[in-house]
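One letter stands for each residue in the lines below.
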Amino acid sequence: MPERIQSFLPSGYSVYESSIQTMDDSVFALVRGRQGEKFLFVNGPAGKMFQDGRDVAGISLYALTWANAKALRNVFTWLKPTYAGLKASFGAGDRVGLATPGHVRA
């Protein structure tokens, strides 16, 4: 699959292979541009959910914006933050006011 995505991209652009995901008839990946800038690659009908598309050699690459992150979380629900309750979890705890003893010792 990485080779297939790479074939869509212009020279100097590369795909982060570990970022490739599929959902229904759409393919998603993080792409690095010539100057190191990063874009979201979406090929398929899900592309209409995203904003700030930039046409690069006939394909649309999308800016990494809050709106596009929100749209991506609607496609892949496992990207949505979830409440862990009082069980131990990774995080600073400062956003919800519940730091664990380990946070305090650190």
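Scroll up a little and you will see the structure.
Below is a summary of the structure that appears in this document. The structure presented is a predicted model; accordingly, all values stated were derived computationally and were not measured.

Cut-off values and rules
- Residues numbered from 1 in each chain as written.
- Predicted model: local features only at pLDDT ≥ 70, side-chain atom pairs only at ≥ 80, totals over all residues.
- Heavy atoms only, no water.
- Helix = DSSP H or I, 4+ residues; strand = E, 2+ residues; numbered from the N terminus.
- Buried < 20%, exposed > 50% of the residue type's maximum accessible area, 1.4 Å probe, protein only.
- Contact = heavy atoms within 4.5 Å.
- Areas by Shrake-Rupley, 256 points an atom, 1.4 Å probe, with all protein chains shown as cover.
- Lys, Arg positive; Asp, Glu negative; His and termini not counted.
- Salt bridge = Lys/Arg side-chain N within 4 Å of Asp/Glu carboxyl O.
- Pairing = 2+ DSSP bridges.

Before going further, it helps to examine the overall build of the protein chain. Counting its secondary structure elements, the protein chain contains three helices and six strands. From first element to last, N terminus to C terminus, the protein chain shows the α and β order α-β-β-β-β-β-β-α-α. Counting across all 106 residues of the protein chain, residues that qualify as buried make up 29%. Considering only contacts within the protein chain whose residues lie at least 6 apart along the sequence, 23% involve residues at least 24 apart. Carbon and sulfur atoms make up 53% of the accessible area of the protein chain, which amounts to about 7400 Å² in all.

With that settled, the discussion passes to the side chain of Arg73. Here Arg73 shows up in helix H2 (residues 66–75). At 14 Å, Asp52 is the nearest oppositely charged side chain to Arg73, a buried residue that forms no salt bridge. Those residues within four positions of Arg73 in sequence are excluded, and the remaining contacts are Trp66, Leu79, Lys80 and Pro81.

Residue Asp24 is not a glycine yet carries a positive backbone phi of 55°. Looking at the element boundaries, Asp24 is found in the loop between strand S2 (21–23) and strand S3 (26–32). Accessibility expressed as a relative area gives 73% for Asp24, which makes it exposed. A positive phi angle is found at Asp52, which is not glycine, with a value near 60°. With respect to the secondary-structure elements, Asp52 resides in the loop between strand S4 (38–43) and strand S5 (53–56). Owing to a relative accessible area of 48%, Asp52 belongs among the partly exposed residues under this scheme.

Relative to strand S6 (residues 59–62), S4 runs antiparallel, the two sharing two bridges. Note on S6: the bridge partner recorded for Phe41 is Leu61. As defined by bridge partners, S5 adjoins S6 across four bridges and the pair is classed as antiparallel. What sits directly across from Asp55, in S6, is Ser60. A loop of two residues connects S5 with S6, the two strands running antiparallel in sequence, and Ala57 in this loop sits at a positive phi of about 55°.

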